[in-house]
Amino acid sequence: MTSLFKNILRASAIVPAMAICTPAFAADQWQVKTDDSDIEFAGTQLGADFEGEFNKFTAEISFSPDDLAGSKVSVLIDIASVNTENADRDSQIISADWFDVAQWPTAKFETKSFREIAPGQYEATADLTIRDVTKEVVLPFTLEIEGNEAEAEGTVTIKRTDFGVGQGQWSDTSQVGDDVTIRIDIDATRS
């Protein structure tokens with residue numbers, strides 16, 4: 001057998017092998033509709049419930065139910081855009097004792113993996129970074145995709161003190177509760 005013929009046989013064997021290794025699906029790119037999307041939170045202060053939201057955030061979303069392994073989401077939240085409808089509380093939240101936006105102006109949510117738990121229901125395992133402290137969180141969420149439109153809704157509860165949010169006297173959880181519930185409602189368009 002000539003060496004040219006052997007090389008052709010080798011090449012013809014490589015092509016099908018490469019096809020097997022190449023994923024059949026690629027995660028879709030999505031553009032967040034910021035006017036229709038929310039990142040909200042709820043906590044307690046002096047025993048009373050309060051809620052707030054972050055008005056500014058950016059997100060890079062690459063997601064497909066058919067390619068969870070190739071899906072990835074990264075969200076950057078502008079902490080100074082906080083709004084709890086209480087100016088005094090908002091100014092405290094961005095202060096050095098709380099989020100310290102002068103030093104850490106953003107919080108980051110970056111997925112590590114996705115898992116389908118039921119049709120239209122998923123869990124995202126992600127790294128959440130606040131005040132330069134990174135902790136793993138698991139965010140369960142529902143997802144509806146209709147054509148090129150998608151809506152995801154999810155809720156996760158974290159402990160603020162795990163991230164150093166609330167320094168000094170504010171580390172006492174009797175005044176401001178430790179549990180903070182974060183809720184996302186994201187509308188996006190396939191790009």
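Everything here concerns the structure above.
Residues numbered from 1 in each chain as written. Predicted model: local features only at pLDDT ≥ 70, side-chain atom pairs only at ≥ 80, totals over all residues. Heavy atoms only, no water.

Comments concerning the overall build of the protein
And step 1. A count of helices and strands for the protein gives two helices and eleven strands.
And step 2. Looking at the protein as a whole, 36% of its 191 residues are labelled buried.
And step 3. Here the protein displays about 11,200 Å² of accessible surface, and carbon together with sulfur accounts for 52% of that area. (Helix = DSSP H or I, 4+ residues; strand = E, 2+ residues; numbered from the N terminus. Buried < 20%, exposed > 50% of the residue type's maximum accessible area, 1.4 Å probe, protein only. Areas by Shrake-Rupley, 256 points an atom, 1.4 Å probe, with all protein chains shown as cover.)

A short note on the packing of aromatic side chains
And step 1. Across all of its chains, the model carries nine aromatic pairs by this definition.
And step 2. Where Phe-54 meets Phe-99, the ring centres are 6.4 Å apart and the plane angle is 80°; that geometry is what we call edge-to-face. Of this pair, Phe-54 sits in strand β3 (residues 48–54) while Phe-99 sits in the loop between α2 (87–93) and β7 (106–118), and the two are 45 residues apart along the sequence.
And step 3. The class of Phe-54 is buried, set by a relative accessible area of 10%.
And step 4. Accessibility expressed as a relative area gives 15% for Phe-99, which makes it buried.
And step 5. Considering the side-chain rings of Phe-63 and Tyr-122, the 5.7 Å spacing of their centres and the 85° angle between planes classify their relative orientation as edge-to-face. Pair noted here: Phe-63 is in strand β4 (residues 57–63) and Tyr-122 is in strand β8 (residues 121–130), with a separation of 59 residues, a long-range link.
And step 6. Residue Tyr-122 is classed as buried on the basis of its relative accessible area of 5%. (Phe/Tyr/Trp six-rings, centres within 6.5 Å; stacked < 30°, edge-to-face > 60°.)

Considerations on the pattern of salt bridges
And step 1. All chains considered together, the criterion is met by eight salt bridges.
And step 2. The shortest N-O distance in the salt bridge between Asp-28 and Arg-190 comes to 2.5 Å. Linking Asp-28 in strand β1 (residues 28–32) with Arg-190 in strand β11 (residues 179–190), this pair joins segments that are 162 residues apart in sequence.
And step 3. We classify Asp-28 as partly exposed; its relative accessible area is 24%.
And step 4. In this structure, Asp-127 and Lys-112 form a salt bridge, with 3.5 Å as the shortest nitrogen-oxygen distance. Note that Asp-127 is positioned in strand β8 and Lys-112 in strand β7, a separation of 15 residues in sequence.
And step 5. A residue is classified by how much of its surface remains accessible, and Lys-112, at 47% relative accessible area, is partly exposed. (Salt bridge = Lys/Arg side-chain N within 4 Å of Asp/Glu carboxyl O.)

Thoughts on the environment of Ser-81
And step 1. Its place among the elements puts Ser-81 in the loop between β5 (72–78) and β6 (82–83).
And step 2. On the basis of relative accessibility, which here comes to 9%, the residue Ser-81 falls in the buried class.
And step 3. Residues Ser-81 and Phe-57 lie 24 residues apart in sequence; the distance between their C-alpha atoms is 8.6 Å.
And step 4. Reaching out from Ser-81, the side chain makes a polar contact with the backbone nitrogen of Lys-56 at a distance of 2.9 Å.
And step 5. A polar contact is formed between the side chain of Ser-81 and the backbone oxygen of Asp-78, at a distance of 2.6 Å. (Polar contact = N/O pair within 3.5 Å; in protein donor to acceptor, adjacent residues only side chain to side chain.)

Focus on the pairing of β5
And step 1. Across six bridges, the pairing between β4 and β5 is antiparallel. From the neighbouring strand, Glu-60 faces β5, where its bridge partner is Ser-74.
And step 2. Bridge count for β5 against β7 is five bridges, and the pairing is antiparallel. The partner of Asp-78 across the bridge, within β7, is Thr-106. (Pairing = 2+ DSSP bridges.)

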